[in-house]
Amino acid sequence: MMAQLQQGGPDEKEKTTALKDLLSRIDLDELMKKDEPPLEFPDTLEGFEYIFNEKGQLRHIKTGEPFVFNYREDLHRWNQKRYEALGEIITKYIYELLQNECHLKKVTLPEGYGVIVLNPNENYIEVEKTKAQIQLSSDISDEPAEKRERKDKIQKETKKRRDFYEKYRNPQKEKETIQIYIRDNGSPEEHAIYVWDHFISQSAAENVFFVAHSYGGLAFVELMIQREAEVKNRVTAVALTDSVHNVWHQEVGKTIREWMRENCCNWVSSSEPLDTSVESMLPDCPRVSAGTERHELTSWKSFPSVFKFFSEAVKAKNSLVKPTPTRRSNRIKYEEF
């Protein structure tokens, strides 16, 4: 049809131009909002008709089925908002479990936004920045040009990765969404460094372990770049689960790569059985199978091996022998969610 119009005279060309102009002015987001229900959701698990069963699995109260994202067909934006609302409830529920059953303590971050959960035995020291530290962090004019360039590059790369992630996660992202900047915690990388400086590095813990999933692995590597000597001195072992870090893109130095080879292991999504060695193109830590091809299950499926890895790391630290990733013969089978 369009081809036929284009072959016609001036009138047909004008009609084609007008049609193109009309199509370009249609707001698909607004069009989708017209047919969707109000974005009003329950504020309790029971309201969503979900509970956690005795195995800790989220199940529908009536059907016993796992969570269904596409609750309403052809309403991706509404389904995404429903998913986010339920996620907020689950987050609160997990914090309550950590506080009430694990006796962990909740501490607020700067400006009162967000929380982190800490060890219950008060083995940390809260510290306020001194005026000298504040001046040092706010005044970057004295920083070497090379350091400033590196900071700018990291910020640009971080924005690029986060923009890509947002587009992939939610193509129908609302235009009116407002992002609130949390002081000293404006990105995952900044947050990791802040928590290290204000809590972990101040703790009296003899052994410090990291479990970093997906983008958390990239944040940990950035922490190593910024606090290499401190991390090496305090951290006993690091378990990555389907980490998206890249030692080349993040310009990781040789000494850090060598430390990662000795003290880190990455459990990646794979069809191979748990702990099977997986080939890597990067010269950093060993990669082994998490026993699942589903990215979101890599942490849960690899937990038995992760804690065995940590136990071996403590023994190795005491005997000055480096740990090795767990073997396939020791894997534990779990049913899928």
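This section reports on the structure supplied with the text. Note that the structure is predicted; figures quoted are calculated from it, not measured. (Residues numbered from 1 in each chain as written. Predicted model: local features only at pLDDT ≥ 70, side-chain atom pairs only at ≥ 80, totals over all residues. Heavy atoms only, no water.)

Considerations on unusual backbone geometry
Excluding glycine, most residues fall at negative phi; most peptide bonds, likewise, are trans.
Here is step 1 of the chain: One non-glycine residue, Asp-242, lies in the positive phi region at around 50°.
Here is step 2 of the chain: Along the chain, the position of Asp-242 falls in the loop between β6 (235-241) and α10 (254-263).
Here is step 3 of the chain: Residue classification places Asp-242 among the buried positions, given a relative accessible area of 11%.
Here is step 4 of the chain: The phi torsion at Asp-275 lies on the positive side, around 75°, for a residue other than glycine. (Helix = DSSP H or I, 4+ residues; strand = E, 2+ residues; numbered from the N terminus. Buried < 20%, exposed > 50% of the residue type's maximum accessible area, 1.4 Å probe, protein only.)

Focus: the pattern of salt bridges
Any two side chains of opposite charge can pair if their charged atoms end up close together.
Here is step 1 of the chain: Inspection of every chain in the model, using the stated rule, returns 6 salt bridges.
Here is step 2 of the chain: As a salt-bridge pair, Glu-49 and Lys-62 come within 3.2 Å of each other at their nearest N and O atoms. Of this pair, Glu-49 sits in the loop between α3 (28-34) and β1 (50-52) while Lys-62 sits in the loop between β2 (58-60) and α4 (76-100), placing them 13 residues apart in sequence.
Here is step 3 of the chain: Accessibility expressed as a relative area gives 66% for Lys-62, which makes it exposed. (Salt bridge = Lys/Arg side-chain N within 4 Å of Asp/Glu carboxyl O.)

Overview of the sheet that holds strand β5 (residues 208-213)
Here is step 1 of the chain: The sheet built from 4 strands is open, its strands ordered β5-β6-β7-β8 with parallel pairing. The sheet terminates laterally at β5 and β8 (287-289), the two strands that pair on one side only. Put simply, the sheet's adjacent strands are angled 20° from each other on average, direction ignored.
Here is step 2 of the chain: With 3 bridges connecting them, strand β7 (residues 264-268) and β8 associate as parallel partners. Residue pairing for β8: Val-268 is matched across the bridge by Ser-289.
Here is step 3 of the chain: Sitting on the sheet, helix α8 (residues 215-226) is in contact with β5 and β6, with an inclination near 135° to β5. (Pairing = 2+ DSSP bridges. Axes fitted to C-alpha atoms, helices over the stretch in contact; angles between N-to-C directions. Contact = heavy atoms within 4.5 Å.)

Notes on the packing of aromatic side chains
Here is step 1 of the chain: A full pass over the atoms with the stated rule returns 14 aromatic pairs.
Here is step 2 of the chain: When the centroid spacing of 6.1 Å and the interplanar angle of 40° are considered together, the rings of Phe-67 and Tyr-83 count as tilted. Of the two residues, Phe-67 is situated in the loop between β2 and α4 and Tyr-83 in helix α4; the sequence distance between them amounts to 16 residues.
Here is step 3 of the chain: Both rings, one in Phe-69 and one in Tyr-83, keep their centres 5.8 Å apart while their planes meet at 65°; by these two values the pair is edge-to-face. On the criterion of sequence distance, the pair formed by Phe-69 in the loop between β2 and α4 and Tyr-83 in helix α4 is long-range, its members being 14 residues apart.
Here is step 4 of the chain: The class for Phe-69 is partly exposed, based on a relative accessible area of 25%.
Here is step 5 of the chain: Through pairs of rings, three or more aromatic residues link up here, namely Phe-209, Trp-267, Phe-303, Phe-307, Phe-309 and Phe-310. (Phe/Tyr/Trp six-rings, centres within 6.5 Å; stacked < 30°, edge-to-face > 60°.)

A look at α10
Here is step 1 of the chain: Those residues of α10 that sit buried are Ile-256, Arg-257, Trp-259, Met-260 and Asn-263. Axial view of α10: buried residues confined to an arc of 160°, hence all on one face. (Arc of directions from axis to C-beta.)

Some words on the packing of helix α7 (residues 188-200) against α8
Here is step 1 of the chain: Put simply, α7 and α8 touch, their axes get as near as 8 Å, and they point 55° apart. With respect to each other, α7 and α8 are oriented oblique. Pair α7 / α8 crosses with right-handed handedness. Counted together, Pro-188, Glu-189, Ala-192, Ile-193 and Trp-196 of α7 and Tyr-215, Leu-218, Ala-219, Glu-222, Leu-223 and Gln-226 of α8 form the full contact between these two elements. (Parallel < 35°, antiparallel > 145°, perpendicular 65-115°, else oblique. Left-handed = near helix turned anticlockwise from the far one by under 90°.)

Observations regarding the pairing of β7
Here is step 1 of the chain: A large share of β7 lies buried, amounting to 5 of its 5 residues.
Here is step 2 of the chain: Residues Cys-264, Asn-266 and Val-268 point to one face of β7 and Cys-265 and Trp-267 to the other, with burial holding for every one of them.
Here is step 3 of the chain: Across 4 bridges, the pairing between β6 and β7 is parallel. Residue pairing across strands places Leu-240 opposite Asn-266, the latter belonging to β7.

Brief notes about the environment of Lys-254
Here is step 1 of the chain: Inspection of the secondary structure puts Lys-254 in helix α10.
Here is step 2 of the chain: Given a relative accessible area of 56%, Lys-254 falls into the exposed group.
Here is step 3 of the chain: Sequence separation of Lys-254 and Pro-283 is 29 residues, and the distance between their C-alpha atoms is 9.4 Å.

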